[in-house]
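Tertiary structure, described
Read off the chains here:
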Amino acid sequence: MTGHEKGVPIQQLYRDKRMDPEQRMRLDSAIHRQGRGWVTGREGGRPWTLSRTNRVVACLGALVILLLISPLLLGLALTIKLTSPGPVMFVQKRTGYRGRKFGMYKFRTMVANAEELKESLRHLNKHGADAIDFKIDKDPRITGIGGFLRRSSLDELPNLFNVVTGDMRLVGPRPTSFNAYRYKDSHLARLSIYPGMTGLWQISGRSDVDFDQRVEMDLSYIAEQSLLLDLKILVKTPFKVFSGHGAS
């Protein structure tokens, strides 16, 4: 899991959707891994990850899950509110399809002033003080209930609202908290599809995997994308995630 960043107003995220022309050209030159149409097999056709079918299936699936787990969501919200001062949820700025910024919903797992403390803890970053990813083992900013939520990934259940709104899919690369300007050219192809709630990273090493390794898995997923692969990932995710292996 990435370290939390300060929540941002929705209006600011909407203004962030478009990039400057130079960055769009940089993205266009890197995004070329879409392959064949998922139904016809035609070269240059619409792949599974960008298909309307994927969008509809993901949205309906997210709505069904939200309905089924609504008592759990309410219970977690009350627990967070009663055990730690601050909001229950927050909107975190993330980078999604083609580098567009969007607000990702999560349950709050850190103290309210976590962002202000971030720089003072950068030397503890498990990937190095200058690394793009910011992850700390036993992060002191995490609340008591927050540690449990992170280990079980229950803090990410509100991502389902992002799937409904269309900013995310059920399966895909995890959206990063840093923007596309910080991506190396070799990283940009992971932005050729919508980000997901789960993916190959979640069923592999999770936070034990550095960003370059995550990109390799993301590009492998993009190259092999299919409905069957998504179903396999979705089936494996609960067993890997709820074990807490690699979470931080």
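First, a word on what this report is: a plain description of the structure on this page. (Residues numbered from 1 in each chain as written. Predicted model: local features only at pLDDT ≥ 70, side-chain atom pairs only at ≥ 80, totals over all residues. Heavy atoms only, no water.)

A word on the pattern of salt bridges
In the structure shown here, the tally under the stated rule is 4 salt bridges. One salt bridge in this structure joins Arg174 and Glu156, with 3.5 Å as the shortest N-O distance. Of this pair, Arg174 sits in the loop between β3 (169–171) and β4 (196–198) while Glu156 is found in the loop between α5 (144–152) and α6 (159–165), placing the two residues 18 residues apart along the sequence. A relative accessible area of 10% means that Glu156 is categorised as buried. Arg190 is paired through a salt bridge with Asp218; the nearest N and O atoms lie 2.7 Å apart. In this pair, Arg190 is assigned in the loop between β3 and β4 and Asp218 in helix α7 (residues 211–224), connecting sequence segments 28 residues apart. (Salt bridge = Lys/Arg side-chain N within 4 Å of Asp/Glu carboxyl O. Helix = DSSP H or I, 4+ residues; strand = E, 2+ residues; numbered from the N terminus. Buried < 20%, exposed > 50% of the residue type's maximum accessible area, 1.4 Å probe, protein only.)

Points about helix α3 (residues 52–83)
Of all bends in α3, the biggest is about 65°, found at Ile69, and the proline Pro71 comes one to four residues later. Looking only at α3, the buried set comprises Asn54, Ala58, Cys59, Ala62, Leu66, Ile69, Leu73, Leu76, Ala77 and Ile80. Looking at the buried residues of α3, the elements they touch are β2 (101–107), α5, α6, β3 and α8 (227–241). (Bend = angle between axes of the 7 residues up to and from the residue. Contact = heavy atoms within 4.5 Å.)

Comments concerning the environment of Ser192
Mapped onto the fold, Ser192 is located in the loop between β3 and β4. Sequence separation between Ser192 and Tyr97 is 95 residues, and the spatial gap between their C-alpha atoms is 6.2 Å. One polar contact links the side chain of Ser192 to the main-chain carbonyl oxygen of Ala189, over a distance of 2.8 Å. (Polar contact = N/O pair within 3.5 Å; in protein donor to acceptor, adjacent residues only side chain to side chain.)

Observations regarding the packing of aromatic side chains
Considering all chains together, one arrives at 5 aromatic pairs under this definition. For the pair Tyr97 and Tyr194, a centre-to-centre distance of 4.4 Å together with 20° between the ring planes defines the contact as stacked. You can see Tyr97 sitting in the loop between β1 (89–95) and β2 and its partner Tyr194 sitting in the loop between β3 and β4, a full 97 residues away along the chain. For the pair Tyr105 and Phe161, a centre-to-centre distance of 6.5 Å together with 75° between the ring planes defines the contact as edge-to-face. Of this pair, Tyr105 sits in strand β2 while Phe161 sits in helix α6, and the two are 56 residues apart along the sequence. Exposure remark for Tyr105: the relative accessible area of 26% places this residue in the partly exposed category. Taken together, the aromatic side chains of Phe178, Tyr183 and Phe211 make up a single cluster linked through ring pairs. Directly above the aromatic system of Tyr194 lies the positively charged group of Arg169, at a separation of 3.9 Å from the ring centroid. (Phe/Tyr/Trp six-rings, centres within 6.5 Å; stacked < 30°, edge-to-face > 60°. Lys NZ or Arg CZ within 6 Å of the ring centre and 35° of its normal.)

Points about unusual backbone geometry
Positive phi outside glycine occurs at Arg98, with the angle close to 55°. By secondary structure assignment, the location of Arg98 is in the loop between β1 and β2. For Arg98, a relative accessible area of 26% gives the class partly exposed. In this structure, Ser153 is a non-glycine residue whose phi angle is positive, near 65°. Within the element layout of this structure, Ser153 appears in the loop between α5 and α6.

Quick look at the pairing of β1
Of all 7 residues making up β1, 6 are buried, and the element is well covered by its neighbours. Direction of pairing for β1 relative to β2: antiparallel, over a ladder of 7 bridges. Within β2, the position partnered with Thr95 by the bridge is Lys101. Between β1 and β2, which pair antiparallel in sequence order, lie 5 residues; one of them, Arg98, sits at a positive phi of approximately 55°. (Pairing = 2+ DSSP bridges.)

With respect to the nonpolar core
Phe107, Leu160, Val163, Leu170, Tyr221 and Ile233 are the most contacted members of the largest nonpolar core, which totals 43 residues. Among the elements of the structure, α2 (21–30), α3, β2, α6, β3, α7 and α8 are those that each provide at least two residues to this core. Sorting elements by how many residues they give to this core places α3 first, with 8 residues. Excluding residues within four positions of it along the chain, Leu160 makes contact with Ala62, Ile65, Leu66, Ile69, Leu170 and Met197. (Core = buried A, V, L, I, M, F, W, Y, C linked by side-chain atoms within 4.5 Å.)

Re the side chain of Arg94
Here Arg94 is to be found in strand β1. Polar contacts involving the side chain of Arg94 include one to the side chain of Gln92, which spans 3.0 Å. Of note is the side chain of Arg94, whose polar atom sits 2.5 Å from the backbone oxygen of Pro175.

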